[in-house]
Amino acid sequence: MSDSDDDGGGGESFSQRERITTRLSNVLQQYTESTILFEMLQNADDAGAGVLEVILDERSYPCSSLLRKEMAPLQGPALLIRNDAIFQDKDWTSLSRLGDSGKKHDPAKVGKFGLGFNSTYHITDAPTIVSGDAVVFLDPQERYSRGKKFKLSASFVEKYPDQCAPLIGCDMTQIVPSTLFRFPLRNEEEARGSEISSRVWRVSAVRELLQGLAKQASEVLIFLKHLHTITLSIADAASPIGSPPRVINKVSLVAMTDAVKRKRYSHLSFIRSLSGEHEDDKVKLREWKKNYKAKKPEDMPNCTYSLSIQVERFEGPVGGEGSSEWSLWVVSSSIEHSPDLVAIVDKSESKLTPWTAIAAKILTKRHDGSVVLNTEPISGHPFCFLPIPAMTGLPVHIHGFFELTDSRRDLWFSNPHMAVAADDDVRARWNNALLSEAIPRVYLRALCAISRWIDKYKATSVELTMKDCLRMFYSLWPMGSDIQKSYATITGSFCSILKKETIFWSYYGAGGGWVDKATAIFKGEAPDEIVALLLPRNIPVVSDIPSRVFQVLQQRSQPAASKLALCTPQILRDALKRMPLKEFNKSALQYAVSDLQCRFMSPFPWSLIYGLALVPMLDGSLASLNKKAGHSPLYICTHPLQRHLMSRNSKFVIDDTQMDAATLDKLKSSAEDTTVQLLTPEILASLIPKLYTNMLKGQPVLQSSSSSSSASSLPDGEWLQGLWRYMVETKTPSIFLHYPIFPVRGWAKGALVDFLVPLAAGDQPRLHRVLSYDSRLDRDHPGLEEVVARLGCYFSNNTDPICIQYASKLSTTTYSLFPSTTDGILSALQTIPDITKLIANRLEGEHKGILRCFLIDGISNVTAANRELVMKMPVFPTLPCSIMPSSAGGSTSFVSLAQNIHLVENVSEEHMLAYSTHLPFYILSSSATSGPGRMRAITNVASLLQLVLLNPTKFYMKVLPLVAQLPHHIQDDLVRHLLKSLNSFRPEFKDAFKVPPCIPYAHSPGSSTTVGRCAARDLVDPSDSDVHDLFSTDPPSAAARFPALPFSTSDYLGPLRELGMCVRLTKDLIIERAEGVSRLPAPLARAQGARLLSYICKHEPKQSYPVDMFSDLAKLSWLPVMQRPEGYPLPWFANAQRDQPPQMIASPSSLTSNKHSALVASCMLILDYECPSSDSFRRLSHEFRWNVVPVEKVLEHIANLATIPYSPSANSTILDAYHSHIYPFLSDIMQQQQQHQPILRASSSDLRTLLMEPSRRWIYIDQSGFVSPNQFASSGVSLPPYLYANKDLYARYRVLFDACGITNAWSTQHYIDALDRVYDDCKGEPLDALQFQHVLSMLQSLCKSSSSSSSSSYSSKKNLSGLLPSSVKVPTN
């Protein structure tokens, strides 16, 4: 208020105000960041735009020519959104009024609050808008442009080129036929000072927004009114300014016909027709309410159409790489009209439009060209033109003018636990009305449209089956278990309005078709086989409906009027009466009688099934149940064998094998009411003469004499077998005894004769020595029946053991029926006189073999009497032997088991034939054991047969005592065989084989001259090269026995070793060889000595030579002595006597190992042998005391080294010996003495005492030689040759030096002792220059030492004053 407007009362202007930035900040709390792009989509669609492009511009632009320099921060990365609509004047006005949207009361527009655009302030502080002929720079904070609007012109662009550069795709010199929004991303600097939002927006965050839109790209266009194309693009930061952005994702409605466009826009046109063309939106809203209320439900528009949505994904991080996908959706849309909807619209002050729709995804065409039906339901969302984040659980998307929550993330629902305002209650009621009344109707229309689409699609495509289409179709129904509670009302309403719509598919008739709920027969619990029978009979059974859909429909159809019709047995019976079955169907019979009961139980008596040919008969025909009177009986078998016995009259026998137990029980229970009759044994016996006319009571029938004309009047063997089994299993033999049913086979006139006899035939003994036949006889013992028949027995002519089982029960003194077992056959043979003579005279060798095999297989199961008979039967073949009668002749004779027959296992008969005639016992021939399993069979019963069972070991142990009696060539062949097979014999044979002197031997290895024969344990192994070489220098010893050829080859040496042949030299032979070495020339003696030592080392671990052998060897001179190595500069004991030849061999006691040469080489002999690190050599070292190095010898060796004149080679050798051996040796000894451990190296006195002797020079210093301990210290002045300081040497062997009393530094006494040595060296002569310098250094050090040690007293025995200049004063103390 200005001062001029003052009303005279005074005062200043005052009113309530709110900063626009505060308002915007509050708006952002209502809209999430994820809704930014969707709000812009909605605004574009309300504006009538068809194309929208979203661009992420990551580039930064120049800032030279801007409207204001403060706008420079806005030249960075930005989000741009362009559509092909142009702002109208009212749009600019609405934009300038925060929250005062022009769409708030327009029934044809989506927006309500006018705040959707302001959600873009999440990412920016200063949007730019270009549309038509104007450009607007919004700046709520007035930090940049302070909010400006300019008219587009060429001069504007020319004056502010940098300002216009970021506005991609806009020629700002003329009217722009589109609208472009540019939202510069809020950077860190802007965020710090922003009054709207403090969040920094980076390019990556915007990319996530684009990714969110890309994921829903295929669905965002479904319910929009105008938009048909959305493009996502990116201008990379590195791309040149002015270059177009690259498209990364594009979604568009393709192949959209004019009809689809009209349907998509039709509801909007209808709403506008009711609201009128008024300028004032409030007037439009009133008109809409009035006209909508006056309409009727049938006046409301509805439409169904399909949308083809193509999603193209180009390279880039948002959409993936190079792919495209095409999906087909069916959309059903309508404006509904009902009393509830009209009441809510009329009473509400807000705009409420009952526009609802659903969208179902039908199929997808992938980028590879494959077409896939959508059999897996999508995750349904609610839409208010654009998707709402909430999930419905429905398999489709639903759309409506829903009332949403302030955040637009869900529908507004009432909370029963909270009090709500009246407006909020109206909002909740509105949503519930849309979900319960409007959505179910459009849902049902959509399913009807999809069913029509399936018919059309199947007519033009063969890629998918009808089952695939139905799986897709039923998956779209609102019957899922995942439906959210708030949307469950859709399911109930859907079921309640489902009446005459033909949306249930049935395969009935020729090609199937859609039927409505009232016509459909639902499969329910009926088996699939029943459905398959009903469909060709034109019964519209709905079978492919999923169980979840069926269950929901059944639950929602409880009233009798709307109850689902289910498939029942009566429906099947009616259908089969119209079209009978042509062949048996198990399921049909089972289902048709499933509800039938006995005659006393109604309402389903058996009369309902009379005349239906459902029952299967044995001959393959179908019979029907009828009344008993006037119809032939239908027999039900009470035993499985009856089916076979009644096979000649099978048309009257029900095939119960094709029925389940429950159905069969039902048929049995109908026997009182129907022609069904149970087949008993009595009925079966009465039917036998009707089945076979020659089967008369008490009359035998000779099968061999039956004519061909009457053969069909006799049963075959299979029928007889079945009858015998039936009699036994039913325990009813008495009913069938008088019929000729017992078959017999006997030997007569060179053939087996077949006939049938009755069991009850008076007093005549018709069965004499008859054996019950077993088919296994022919299988296991072919020809046995003939052999036994030749001896006078008979077999029953029946192949089933049940016949024998029954006949054996009747076996008496009159009817002697024997089982066809070994014991039974032997019992039958026992009744034949002189049976052993008959076997010997009537049976050929082949027949005897058959009988023998049979007896062997069953001998374990016979009685003692029958076993005695077996022992007398001459059926066992044997090899020739020395006790065989001369009359036998031939190579094989048959004898009885009483002859003490030997059964030899695993020895070749051909091999035994070479010497069997020299053996005094029978050997069973291989002909008795040939054939699969025969040897095992006979060995298993050898004890019962009293066979002498010999394995190879026992057999050859029986033969060994007779070897000497055999001719030499046979003897040698036998011995070679035994040696080669030695590993197959048991240990006791090897022990026995060691004794007989049967191995040819020679005095020299490899000789073929046999000197004699001896036992294997008296032989020496010639294969050891060391043994061969050790004995090669002498003539062969008469006591040595080597195997003669061919027994000295590798084939026999191994077995001979196992038999005890000496493979190593004995103690006596080793000592003998050692004694012989000293008698050999020196070179040969050294070689032999080394060879003998090597042999002992090699065999000592296995031989374990006695200790006394080593004590004897220690006294003998036989080992080689190592000679001085060439170029060795140090003393070598073996070559110490220049006037005598070097010592070449020596006794072990005078030697030490060559590994100790560096310790004692100048005072001990060294063994010339490479000492291995083996246990055997360690024992030799222990026995010969080579492992002991005398300390005195080591010190003697050091003293010897100290006498050598200095030379570089000597210095290097000594230095190496000291560091490698001497110092470590002395350190080891010193440490053992200090720890009081057993010392392995001999020492006669304490090592420390020896090393501390003043005259002993044992410390060696490189290039300085040997020094005594009182000349050596760790540190201090080094004055050679009197004082030596070596810190490294001291540190390396500190333990040794510390033990010897060597100190770290020089003491006063050290200097005095050193002066004494200088005095001795001068011998009364004046000091030379070096000595003079040394003395001065010592005196100076001595003075320092004396002054610091006043309490100590040191003295020298020498008078140095005469040797020094007069100016030098010698301390007296």
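Owing to the predicted nature of the structure, the values given are computational and were not obtained by experimental measurement. (Residues numbered from 1 in each chain as written. Predicted model: local features only at pLDDT ≥ 70, side-chain atom pairs only at ≥ 80, totals over all residues. Heavy atoms only, no water.)

## Quick look at the overall build of the chain
Part 1: Check the secondary structure of the chain and you find 48 helices and 44 strands.
Part 2: When burial is assessed residue by residue, the chain has 49% of its 1373 residues classed as buried.
Part 3: In the chain, the proportion of contacts linking residues at least 24 apart, taken out of those at least 6 apart, comes to 67%.
Part 4: Working note: accessible area of the chain is about 64100 Å², and carbon and sulfur atoms make up 50% of it. (Helix = DSSP H or I, 4+ residues; strand = E, 2+ residues; numbered from the N terminus. Buried < 20%, exposed > 50% of the residue type's maximum accessible area, 1.4 Å probe, protein only. Contact = heavy atoms within 4.5 Å. Areas by Shrake-Rupley, 256 points an atom, 1.4 Å probe, with all protein chains shown as cover.)

## Structural notes on the sheet that holds strand 32 (residues 922-923)
Part 1: Sheet architecture is open: 3 strands sit in the order 32-31-33, paired in parallel fashion. Single-partner strands in this sheet number two, and they are strand 32 and strand 33 (948-950).
Part 2: Bridging between strand 31 (residues 901-904) and strand 32 involves 2 bridges; their strand directions are parallel. Residue pairing across strands places His902 opposite Ile923, the latter belonging to strand 32.
Part 3: Sheet strands touched by helix 32 (residues 952-959): strand 31, strand 32 and strand 33. Its angle to strand 33, the strand with the most contacts, is close to 100°. (Pairing = 2+ DSSP bridges. Axes fitted to C-alpha atoms, helices over the stretch in contact; angles between N-to-C directions.)

## Quick look at the packing of aromatic side chains
Part 1: Scanning the model with the defined rule gives 45 aromatic pairs in all.
Part 2: Their ring planes at 65° and their centres at 5.8 Å tell us that Tyr1218 and Phe1266 sit as a pair that is edge-to-face. With Tyr1218 in helix 43 (residues 1208-1234) and Phe1266 in strand 42 (residues 1265-1267), the pair connects residues that are 48 residues apart, well separated along the chain. Of the two residues, Tyr1218 and Phe1266, neither departs from the other in class, the shared state being buried.
Part 3: One aromatic cluster in this structure is built from Tyr443, Phe473, Tyr474, Trp477, Phe494, Phe504, Trp505, Tyr507, Trp514, Phe522 and Phe550.
Part 4: In this structure, Lys149 packs its charged tip against the face of Trp92, placed 4.6 Å from the ring centre.
Part 5: Between the NZ or CZ atom of Arg427 and the centre of the ring of Trp412, over which it lies, the distance is 4.1 Å. (Phe/Tyr/Trp six-rings, centres within 6.5 Å; stacked < 30°, edge-to-face > 60°. Lys NZ or Arg CZ within 6 Å of the ring centre and 35° of its normal.)

## A few points about the packing of helix 2 (residues 36-46) against helix 7 (residues 203-215)
Part 1: Running from amino to carboxyl end, helix 2 crosses helix 7 at an angle of 60°, the nearest separation of the two axes being 9 Å. Accordingly, the angle class assigned to the pair helix 2 and helix 7 is oblique. On helix 7, the residues touching Ile36, Leu37, Phe38 and Leu41 of helix 2 are Leu209, Leu210 and Leu213.
Part 2: By residue class, the composition of the contact of helix 2 with helix 7 is 7 nonpolar, no polar and no charged. (Parallel < 35°, antiparallel > 145°, perpendicular 65-115°, else oblique. Nonpolar A, V, L, I, M, F, W, Y, C, P; charged D, E, K, R; others polar.)

## Here's the deal with the pattern of salt bridges
Part 1: Summed over the entire model, instances satisfying the criterion amount to 37 salt bridges.
Part 2: Here Arg199 and Glu33 are joined by a salt bridge, their closest N and O atoms 2.4 Å apart. On the criterion of sequence distance, the pair formed by Arg199 in the loop between helix 6 (188-193) and helix 7 and Glu33 in the loop between helix 1 (20-30) and helix 2 is long-range, its members being 166 residues apart.
Part 3: A salt bridge links Lys225 to Asp46; the nearest nitrogen and oxygen atoms lie 3.2 Å apart. One end of the pair, Lys225, is in the loop between helix 7 and strand 7 (229-235); the other, Asp46, is in helix 2, with 179 residues separating them in the sequence.
Part 4: On the accessibility criterion, Lys225 (4% relative accessible area) is buried.
Part 5: A relative accessible area of 6% places Asp46 in the buried class. (Salt bridge = Lys/Arg side-chain N within 4 Å of Asp/Glu carboxyl O.)

## Details of the nonpolar core
Part 1: In terms of nonpolar packing, the biggest core is built from 142 residues, with Ile362, Ile398, Ile450, Trp477, Phe504 and Leu553 touching the most fellow members.
Part 2: In terms of residue count, helix 11 (residues 422-460) provides more of this core than any other element does, 17 residues in total.
Part 3: The next biggest cluster of nonpolar side chains, apart from the first, holds 76 residues, and it includes Met1122, Phe1225, Ile1261 and Val1267. (Core = buried A, V, L, I, M, F, W, Y, C linked by side-chain atoms within 4.5 Å.)

## Looking at the side chain of Ser332
Part 1: Examined against the element boundaries, Ser332 turns out to sit in strand 10 (residues 323-335).
Part 2: Of note is the side chain of Ser332, whose polar atom sits 3.1 Å from the backbone oxygen of Val442.
Part 3: The residues contacting Ser332, other than those within four sequence positions of it, are Cys303, Thr304, Thr356, Ala357, Ile358, Val442, Arg445 and Ala446. (Polar contact = N/O pair within 3.5 Å; in protein donor to acceptor, adjacent residues only side chain to side chain.)

## Brief notes about the environment of Phe181
Part 1: Relative to the assigned elements, Phe181 resides in strand 6 (residues 176-184).
Part 2: The sequence separation of Phe181 and Ala78 amounts to 103 residues, and the corresponding C-alpha distance is 9.9 Å.
Part 3: If we skip the residues at most four places from it in the chain, Phe181 touches Met40, Leu79, Leu80, Ile81, Asn83, Phe87, Phe117, Thr128 and Ile129.

## Quick look at unusual backbone geometry
Part 1: Here Leu1045 and Pro1046 are connected by a cis peptide whose omega angle stands at 5°.
Part 2: Note the cis peptide between Pro1280 and Pro1281, where omega equals 10°.
Part 3: As for its placement among the helices and strands, Pro1281 is situated in the loop between strand 43 (1272-1273) and strand 44 (1284-1285).
Part 4: Even without being glycine, Phe385 reaches a positive phi, approximately 70°.
Part 5: Locating Phe385 in the fold gives a position in the loop between strand 13 (382-384) and strand 14 (386-387).
Part 6: The class for Phe385 is buried, based on a relative accessible area of 2%.
Part 7: Positive phi, normally seen in glycine, also occurs at Asp834, with a value near 50°.
Part 8: Looking at the secondary structure, you find Asp834 in the loop between helix 26 (822-830) and helix 27 (835-842).
Part 9: Owing to a relative accessible area of 55%, Asp834 belongs among the exposed residues under this scheme.

## Section: the sheet that holds strand 35 (residues 1012-1014)
Part 1: The antiparallel open sheet is built from 3 strands, whose spatial order is 35-34-36. Each edge of the open sheet carries a strand with a single partner, namely strand 35 and strand 36 (1042-1043).
Part 2: In this sheet, strand 35 lies alongside strand 34 (residues 999-1002) in antiparallel orientation, the contact comprising 3 bridges. The residue bridging Pro1000 from the neighbouring strand is Arg1013, located in strand 35.

## A short note on helix 16 (residues 569-578)
An α-helix turns once per 3.6 residues; consequently, residues spaced three or four apart project the same way.
Part 1: Buried within helix 16 we find Pro569, Leu572, Arg573, Ala575 and Leu576. Across the axial projection of helix 16, the buried residues extend over an arc of 165°, all falling on one side.
Part 2: If you follow the buried residues of helix 16, they end up packed against helix 14 (528-534), helix 17 (586-592) and strand 20 (613-616). (Arc of directions from axis to C-beta.)

## Describing the pairing of strand 34
Part 1: Side-chain alternation along strand 34 places Ile999 and Tyr1001 on one buried face and Pro1000 and Ala1002 on a second face that is also buried.
Part 2: The pairing of strand 34 with strand 36 spans 2 bridges and is classified as antiparallel. Within the sheet, the bridge partner assigned to Ala1002 lies in strand 36 and is Phe1042.

## Focus on the pairing of strand 4 (residues 134-137)
Part 1: Side chains of strand 4 alternate between two faces, with Ala134 and Val136 and Val135 and Phe137 buried alike.
Part 2: Taken together, the 4 bridges between strand 3 (residues 128-132) and strand 4 define a ladder with antiparallel strand orientation. What sits directly across from Thr128, in strand 4, is Phe137.
Part 3: Turn length for the strand 3-strand 4 hairpin, with the two strands adjacent in sequence and antiparallel, is 1 residue.
Part 4: In terms of strand pairing, strand 4 meets strand 5 (residues 148-151) through 4 bridges, oriented antiparallel. Residue pairing in the sheet places Phe137 in a bridge with Lys148 of strand 5.

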